[in-house]
Amino acid sequence: MSRILPHLWYVDNAEEAARFYASVLPNSSVDLVSTSPSESPAGPPGSVVIVEFTLMGQPFMAISAGPLDPFNHAISFVIECDDQAEIDRYWDALGKGGEIEQCGWLRDRYGLCWQIVPKQFQQMMKSGDAPARKRAMDAMLTMVKLDVAGLEKAFKG
């Protein structure tokens, strides 16, 4: 069976980043750390670090292989949260040392983009009530870290 495996290219610190994410997210682990046995454009044998890890049950791979393309908003990872306490926990942990952005987005200290979103908001956006969806979206667009109570209040009108 085929599977899609997200692969992240870090200038350096792929292992450090993977260990950090595994410490923040449940059902996560660093599964294997190895180095490239061959010379590559990124350096001599042993200079490229390859990391296999799992975040919330999803397998990932990463490498530390020098500069290529920086992370940007074209790729981000969404964490759907059950409540405000969970949003606050992930926001504080992943945002520490990074850049806080609008609309529930942040960039962690390794440059990776995350969206910390309440499940309730996802449900609101699937509602058949177009005016309620618009109110919730308009409220979300004014927020930095998403506020469940504020989104629910806007949705209900």
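As a starting point, this report considers the structure included with it.

Reading the values: rules and limits
- What you see as residue numbers is a count from 1 along each chain, following the sequence as written.
- Owing to the predicted nature of the model, reporting of local features is limited to residues with pLDDT of at least 70; listing and counting of side-chain atom pairs is limited to 80 or more, with chain, interface and lining totals taken over all residues.
- Hydrogens and water are ignored here; the side-chain numbers use all heavy atoms of the structure.
- With axes taken as lines fitted to C-alpha atoms, and helix axes fitted only over the stretch in contact, angles between N-to-C directions fall between 0 and 180 degrees.
- Numbering of helices and strands runs from the N terminus; a helix is a DSSP stretch of H or I covering at least four residues, while a strand is a stretch of E covering at least two.
- Crossing handedness: left-handed means the near helix sits turned counterclockwise from the far one by under a right angle, and right-handed means the same turn made clockwise.
- Contact criterion: two residues are considered in contact whenever any of their non-hydrogen atoms come within 4.5 Å of each other.
- Basically, the charged four are Asp, Glu, Lys and Arg, the nonpolar ten are Ala, Val, Leu, Ile, Met, Phe, Trp, Tyr, Cys and Pro, and anything else, Gly included, counts as polar.
- Within this scheme, the nonpolar core is defined by two criteria: the residues are buried Ala, Val, Leu, Ile, Met, Phe, Trp, Tyr or Cys, and they are joined through side-chain atoms within 4.5 Å.
- When a residue's accessible area, from a 1.4 Å probe over protein chains only, is under 20% of the maximum for its type it is buried; when over 50% it is exposed; and in between it is partly exposed.

Quick notes on the packing of helix 4 (residues 130–141) against helix 5 (residues 148–156)
The N-to-C vectors of helix 4 and helix 5 enclose an angle of 145 degrees; their axes lie 7 Å apart at closest approach. Judged by the twist between their axes, the crossing of helix 4 over helix 5 is right-handed. Packed against helix 4, whose contacting residues are A132, R133, R135, A136, A139 and M140, the element helix 5 presents L151, A154, F155 and K156 at the interface. In terms of residue class, the contact of helix 4 with helix 5 is made up of seven nonpolar, no polar and three charged.

Digging into the environment of D31
Assignment of secondary structure puts D31 in strand 2 (residues 29–35). Setting aside its immediate chain neighbours within four residues, D31 contacts E52, F53 and T54.

Section: the nonpolar core
Ranked by internal contacts, the top residues of the largest apolar core, which has 27 residues, are Y10, Y21, F53, L94, W114 and I116. In terms of residue count, helix 1 (residues 14–24) provides more of this core than any other element does, six residues in total. Excluding its chain neighbours within four sequence positions, the residues that come into contact with F53 are L8, A18, Y21, S29, V30, D31, Q58, P59, F60, M61 and A62. In terms of nonpolar packing, the next biggest core, distinct from the first, is built from 13 residues, W105, M124, M143 and L146 among them.

All we've got here are geometric facts, nothing functional implied.
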